[in-house]
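# Working through the structure, step by step
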Amino acid sequence: ATTIWRSGTAIVALDPSGKYPPCRISTTDVHHGAWTLLDASADFVFASRSSPALPAILMVAKVPEDPFEPTAWHWEPMELFSQVLSDDLSTTLSRIRYRFVHVQPSVNEGPYPGKGANAPFEAILIEPAETEGMPGPAILCPHGGPHSTFVCNWSPEYAFLCTLGYKLILVNYRGSLGFGEAALQSLPGKVGQQDVKDMLDALDKCIELGCVDASRVAVMGGSHGGFLTGHLLGQAPDRFRCGILRNPVCNIAGMVNVTDIPDWCHVEVLGVMGKEAYSEAPGPAVLQRMYDHSPIAHAGNVASPTLFHLGAKDRRVPYSDALQMIRFLRAKGQKAEAIMFPEDKHPLDKPRTEYERCLSAQEFLQEHIPLL
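Residues numbered from 1 in each chain as written. Predicted model: local features only at pLDDT ≥ 70, side-chain atom pairs only at ≥ 80, totals over all residues. Heavy atoms only, no water.

### Looking at the overall build of the protein chain
- Assigned secondary structure in the protein chain consists of 11 helices and 15 strands.
- Taken over C-alpha atoms, the radius of gyration comes to 21 Å for the protein chain, in line with the 21 Å a tight globule of 372 residues would show.
- Its C-alpha atoms give the protein chain principal-axis dimensions of roughly 65 × 50 × 40 Å.
- Counting over 372 residues, the protein chain shows a buried share of 51%.
- A separation of at least 24 residues holds for 70% of the contacts in the protein chain among residues at least 6 apart in sequence.
- Within the structure as shown, the protein chain displays about 16,800 Å² of accessible surface, and the carbon and sulfur contribution to it stands at 55%. (Helix = DSSP H or I, 4+ residues; strand = E, 2+ residues; numbered from the N terminus. Rg over C-alpha atoms; globule rule 2.2 N^0.38 Å. Buried < 20%, exposed > 50% of the residue type's maximum accessible area, 1.4 Å probe, protein only. Contact = heavy atoms within 4.5 Å. Areas by Shrake-Rupley, 256 points an atom, 1.4 Å probe, with all protein chains shown as cover.)

The following block contains the structure:
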């Protein structure tokens, strides 16, 4: 089976009888990136692996005599069936560097028991070889969910931005998958608060390590990542030169009656009480809590230009949610650009849409954080 394992994915062997504990059979080397199980037979296991500097390649391993002995597994690339990269592309990708950054959270309060709730979390730092370990322009990236994870895999978007010269800080704040149940359950009821602090802690850690120029930082995310982008621009307006938001949650109080996940709105804002408080018609007190946890509550503080990417057919976070934020920002004189993709839903992952998103992001970033 494939499982999320901190800031990566791993393949594990499972024993239905319960005699043997789950065994990680893919390599633990960070430079081997993320693994995905494709198929298995009695004799062979097939998988793919990728990294921020390497598109997916096919791997194969012969099932050893003792499949629950990690050192018995030996993986080989299936070069005949893997894509062939041009010399120019291979050279370009070879200049991408990446590593894990461990971050100790500065905010430790919370009712959820378990030391894992306050354990260090991780960020994946992707940077050009030319500025590796040196201060440079950076993009702080929160993931969506919020209960998902950035894994150390291939992303054309992040590879593109890195080869332009930007560093990327992909933050697995507390509440991400792969870091234990205590850390996961520490976030509901504190969205827009704990996760925002964790994002800033990750940024501060990268600045402390000398990898990021604190005066040249952007923030970019989609869905809950867009929610956090809006929060960061409003709660820490002096930290960011600009922000890019993809189908962002901007006002949970306005979204709750038009989204296909109203339960998400209740649980993430109210925590464990959200299930009991769930209603198709939330009362004034609940709506006020939802508003208070939303980026719109801090929109008056936003001082940086923004770019919104929106899907006209999004039912998860209908674009009306973002339009309220855009109108508010424009009314106060802030630059707020919007690009609507008429045939796209929440992911904005159609090939042409991804291409256009990357190009518009490049233009926007180079306008507000020009590469020297």
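### Comments concerning the packing of aromatic side chains
- For the structure shown, the criterion picks out five aromatic pairs.
- Aromatic side chains Tyr 20 and Phe 68 sit 4.8 Å apart centroid to centroid with 10° between the ring planes, which places their arrangement in the stacked category. Linking Tyr 20 in the loop between strand 2 (9-13) and strand 3 (23-24) with Phe 68 in the loop between strand 6 (54-62) and strand 7 (75-77), this pair joins segments that are 48 residues apart in sequence.
- Among the aromatic residues, those joined into a cluster by ring pairs are Trp 35, Trp 73 and Trp 75.
- Stacked on the ring of Trp 5, the Lys or Arg Arg 24 has its end atom at 4.6 Å from the ring centre.
- Positioned above the aromatic ring of Phe 44, the side-chain terminus of Lys 62 is 5.3 Å from the ring centre. (Phe/Tyr/Trp six-rings, centres within 6.5 Å; stacked < 30°, edge-to-face > 60°. Lys NZ or Arg CZ within 6 Å of the ring centre and 35° of its normal.)

### Overview of the nonpolar core
- With 53 residues, the main nonpolar core has Leu 140, Ile 169, Val 171, Phe 240 and Phe 308 as its most contacted residues.
- Counting residues per element, this core draws most heavily on helix 4 (residues 194-208), at six residues.
- Beyond its immediate sequence surroundings of up to four residues, Val 171 is in contact with Phe 121, Glu 122, Ala 123, Leu 140, Cys 141, His 143, Phe 150, Asp 198, Met 199 and Ala 202.
- Counting residues in hydrophobic clusters, the runner-up holds 26 residues, among them Leu 161, Ala 218, Leu 307 and Leu 365. (Core = buried A, V, L, I, M, F, W, Y, C linked by side-chain atoms within 4.5 Å.)

### A closer look at the environment of Asp 292
- Along the chain, Asp 292 turns up in helix 9 (residues 284-292).
- Residues Asp 292 and Asp 66, spaced 226 residues apart in sequence, show a C-alpha to C-alpha distance of 55 Å.
- The contact partners of Asp 292, leaving out residues within four places of it in the chain, are Ala 297 and His 298.
- Here Gln 288 takes part through its side chain, which lies 2.8 Å from a polar atom of the side chain of Asp 292. (Polar contact = N/O pair within 3.5 Å; in protein donor to acceptor, adjacent residues only side chain to side chain.)

### Quick notes on the pattern of salt bridges
- For the structure shown, the criterion picks out 14 salt bridges.
- For Lys 335, the salt bridge identified is with Glu 337, shortest N-O distance 3.1 Å.
- Classification of Lys 335 by relative accessible area gives partly exposed; the value is 32%.
- Here the salt bridges share partners, and the residues they tie into one network are Arg 99, Glu 127 and Lys 167. (Salt bridge = Lys/Arg side-chain N within 4 Å of Asp/Glu carboxyl O.)

### Considering the packing of helix 4 against helix 5 (residues 224-235)
- The N-to-C vectors of helix 4 and helix 5 enclose an angle of 75°; their axes lie 10 Å apart at closest approach. Taken together, the axis directions place helix 4 and helix 5 in an arrangement best described as roughly perpendicular. Here Asp 195, Val 196, Met 199 and Leu 200 of helix 4 lie close against helix 5, whose contacting residues are His 224, Phe 227, Leu 228, His 231, Leu 232 and Gln 235. (Axes fitted to C-alpha atoms, helices over the stretch in contact; angles between N-to-C directions. Parallel < 35°, antiparallel > 145°, perpendicular 65-115°, else oblique.)

### As for unusual backbone geometry
- In this structure, the amide linkage connecting Gly 145 to the following residue, Pro 146, adopts the cis form with an omega of 10°.
- Checked against the element boundaries, Pro 146 lands in the loop between strand 10 (138-142) and helix 2 (156-164).
- You will see that Asn 247, though not glycine, has its phi angle at about 40°, which is positive.

### Some details on the layout of surface pockets
- Of the volumes computed, that of the largest pocket is approximately 760 Å³.
- Around the largest pocket, the lining comprises 33 residues; the ones closest to its centre are Phe 150, Ser 155, Glu 157, Tyr 158 and Arg 246.
- Listing elements by their share of the lining of the largest pocket, those giving two or more residues are strand 9 (121-128), helix 2, strand 12 (217-222) and helix 11 (351-368).
- Grouping the amino acids of the lining of the largest pocket by side-chain chemistry returns 19 nonpolar, nine polar and five charged. (1 Å grid on protein atoms, 1.4 Å probe; cavity = no way out; pocket = protein on both sides within 12 Å on 5 of 7 lines; lining within 4 Å. Points joined across faces, edges and corners; volume = space filled by probe spheres on them. Nonpolar A, V, L, I, M, F, W, Y, C, P; charged D, E, K, R; others polar.)

### Considering the sheet that holds strand 8 (residues 96-103)
- On the basis of which strands lie adjacent, the open sheet formed by eight strands has the order 8-9-11-10-12-13-14-15 and mixed pairing. If you trace the sheet from one side to the other, it starts and ends with strand 8 and strand 15 (336-341), each paired once. Going from strand to strand, the sheet's axes swing by 15° on average, the running direction of each strand aside.
- When strand 12 meets strand 13 (residues 242-246), the two strands line up parallel, connected through five bridges. Within strand 13, the position partnered with Met 220 by the bridge is Ile 244.
- Packing against the sheet, helix 10 (residues 320-331) makes contact with strand 14 (306-311) and strand 15, and its axis sits at approximately 155° to strand 14. (Pairing = 2+ DSSP bridges.)

### Topic: the side chain of Glu 122
- Considering the arrangement of structural elements, one finds Glu 122 in strand 9.
- Residue Glu 122 is classed as buried on the basis of its relative accessible area of 3%.
- A polar contact is formed between the side chain of Glu 122 and the side chain of Ser 7, at a distance of 2.7 Å.

### Things to note about the environment of Ser 186
- Within the secondary structure layout, Ser 186 lies in the loop between helix 3 (181-185) and helix 4.
- Taking the C-alpha atoms as reference, Ser 186 lies 5.8 Å from Ala 117; in sequence the two are 69 residues apart.
- Within the structure, the side chain of Ser 186 is placed 2.7 Å from the backbone oxygen of Ala 183, a separation counted as a polar contact.

Taken by themselves, the reported measurements are silent on function.
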